[in-house]
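Geometric and topological summary
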Amino acid sequence: MNSRPMAGPHQGYSGDSYGHTDPPCSSGGYHEMQLDKAMAQAEAAKAPDGAGAMPGPVGQGRRARAGRREVRGRVKFRVEPYATGPLRVFVAPQKGRRYVIGGDPAAGETDKDFSAATVCDAEHGSIVAAYSAHVPPSPFAEELCAPGWYYSSDDGTPAFMVPERNNHGIALIDALLRLGYPHIYTRRVWDDASAGWVPKLGFATSMVSKPILINRGRIALANPNCVIRDIHVLRQMGTWVRNETGREVPLAGCYDDSLMSFLLALEGIATLYDRGSQ
């Protein structure tokens, strides 16, 4: 196995007060994507356009009734530059901005991957919020809807949701639809039965499509305005390697859930700009 990771190692982080720890694993060397610059940006933890990080709490609240337009006005989140815990809100919604959420669902088993989400500013891909917990797809959908409405655009449209449709993703998408979430990524795929292109909700990760996501990440990290605020994404960048078959995968015993959710959000941003306003 080629031990060169997707990005550099980050030592000294052992988790947070909620017990959110990445599994112990090692990485060697630095990837060409200059994660040291990204880490410095994360440490600065400054809001876009020099607005500065939002100090202290702006309110309390964990859960919202999903699928409600009023959620942004009724539910408030604690905004902290160095937030910890399952839901981590680093920067509050900014006027004139659009936001995208990537969601990587899991089964909810405590010894497996987390269900993870990353909220990005569509202007430059900076991470403004993140979520990770051992929850199954249906409760995960509820957790996604609250920040989805919280990060609505000025016209009230909720954040553009990009769920992965593989495996547990079908259950996640079904739950989002049942909750009435209206702004979900759609991709046209070829259907052999109808011999035509058909719309499918969610992003299907495959050996063909995954390199597209990885390239989105490389482009984002080359952008000096893209700030990676979530330590889970940073750590997982440091443990991705290219194996003997040429595939880019996490080192044995390591996770890639938060990183994948970030890459899914970047795919959503590219879709917004490719197709215009969604």
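Description of the structure in this document.

The rules behind each value
Residues numbered from 1 in each chain as written. Predicted model: local features only at pLDDT ≥ 70, side-chain atom pairs only at ≥ 80, totals over all residues. Heavy atoms only, no water. Helix = DSSP H or I, 4+ residues; strand = E, 2+ residues; numbered from the N terminus. Buried < 20%, exposed > 50% of the residue type's maximum accessible area, 1.4 Å probe, protein only. Contact = heavy atoms within 4.5 Å. Areas by Shrake-Rupley, 256 points an atom, 1.4 Å probe, with all protein chains shown as cover. 1 Å grid on protein atoms, 1.4 Å probe; cavity = no way out; pocket = protein on both sides within 12 Å on 5 of 7 lines; lining within 4 Å. Points joined across faces, edges and corners; volume = space filled by probe spheres on them. Nonpolar A, V, L, I, M, F, W, Y, C, P; charged D, E, K, R; others polar. Core = buried A, V, L, I, M, F, W, Y, C linked by side-chain atoms within 4.5 Å. Disulfide = S-S within 2.5 Å. Salt bridge = Lys/Arg side-chain N within 4 Å of Asp/Glu carboxyl O. Arc of directions from axis to C-beta. Polar contact = N/O pair within 3.5 Å; in protein donor to acceptor, adjacent residues only side chain to side chain. Pairing = 2+ DSSP bridges. Axes fitted to C-alpha atoms, helices over the stretch in contact; angles between N-to-C directions. Phe/Tyr/Trp six-rings, centres within 6.5 Å; stacked < 30°, edge-to-face > 60°. Lys NZ or Arg CZ within 6 Å of the ring centre and 35° of its normal.

The subject of this paragraph is the overall build of the protein. In terms of regular secondary structure, the protein is built from seven helices and nine strands. Counting all 278 residues of the protein, 53% fall into the buried class. Taking all contacts inside the protein whose residues are at least 6 apart in sequence as the whole, residues at least 24 apart take part in 67%. Per element, the accessible surface of the protein, about 12,600 Å² overall, is 51% carbon and sulfur.

Counted as a void, the largest pocket has a volume near 540 Å³. Lining the largest pocket are 24 residues, with Glu164, Thr205, Lys210, Asp256 and Met260 sitting closest to its centre. Counting only elements with at least two residues in the lining of the largest pocket, the list comes to helix H5 (210-222) and helix H7 (257-275). The biggest single contributor to the lining of the largest pocket is H5, with three residues. When its residues are assigned to classes, the lining of the largest pocket shows eight nonpolar, six polar and 10 charged.

A general feature of soluble globular proteins is that nonpolar side chains tend to end up buried together. Core analysis: the largest hydrophobic core is formed by 59 residues, its most contacted members being Val100, Tyr151, Leu176, Tyr181, Ile228, Phe262 and Leu263. For this core, the element with the most residues is H7, which contributes nine residues. In this view, Tyr181 contacts Cys145, Gly148, Trp149, Pro158, Ala159, Met161 and Leu176; residues no more than four positions away in its chain are not counted.

What follows concerns the state of the cysteines. According to the stated counting rule, one finds zero disulfides in the structure shown. Cys120 supplies the cysteine sulfur nearest to Cys226, a cysteine that is in no disulfide, at a spacing of 6.8 Å.

A separate point is the pattern of salt bridges. Taken as a whole and judged by the stated rule, the model has six salt bridges. Here Asp230 makes a salt bridge to Arg88, at a shortest N to O gap of 2.9 Å. Note that Asp230 is positioned in the loop between H5 and helix H6 (231-237) and Arg88 in strand S1 (residues 87-89), a separation of 142 residues in sequence. Linking Arg187 and Glu267 is a salt bridge whose minimum nitrogen-to-oxygen distance equals 3.5 Å. Of this pair, Arg187 sits in strand S6 (residues 186-191) while Glu267 sits in helix H7, placing them 80 residues apart in sequence. Exposure remark for Arg187: the relative accessible area of 26% places this residue in the partly exposed category. Connected through salt bridges with shared partners, the residues Arg97, Asp121 and Glu123 form a single ionic network.

Our focus in this paragraph is helix H4 (residues 169-178). Helical periodicity: at 3.6 residues per turn, an α-helix aligns residues three or four positions apart in one direction. Every buried residue of H4 is accounted for by Gly169, Leu172, Ile173, Ala175 and Leu176. What you see down the axis of H4 is that its buried residues fit within an arc of 160 degrees, all on one side. Among the residues trailing H4, Gly180 stands out with phi positive, at a value near 80 degrees.

On to the side chain of Arg97, then. Locating Arg97 in the fold gives a position in the loop between S1 and strand S2 (99-104). One polar contact links Arg97 to Asp121, side chain to side chain, over a distance of 3.4 Å.

Spatially, five strands are ordered S1-S4-S3-S2-S5 in an open sheet, and the strand pairing comes out mixed. Looking at the sheet topology across the chains shown, the edges are occupied by S1 and strand S5 (160-163). Adjacent strand axes in the sheet meet at a mean angle of 15 degrees when their direction is disregarded. Here strand S3 (residues 115-121) pairs with strand S4 (residues 127-133) via six bridges, running antiparallel. Bridge pairing links Ala117 to Tyr131 in S4. Running over the sheet, helix H3 (residues 137-150) touches S1, S2, S3, S4 and S5 and is turned about 170 degrees from S2.

Right, let's get into the packing of aromatic side chains. Here the structure, examined in full by the defined rule, presents seven aromatic pairs. Ring geometry for Phe114 against Tyr255: centres 5.9 Å apart, planes inclined by 75 degrees, an arrangement best described as edge-to-face. With Phe114 in the loop between S2 and S3 and Tyr255 in the loop between strand S9 (248-250) and H7, this residue pair connects regions lying 141 residues apart in the sequence. What makes Tyr255 buried here is its relative accessible area of 16%. When the ring centre of Tyr273 is taken as origin, the NZ or CZ atom of Arg98, which lies over that ring, is 5.8 Å away.

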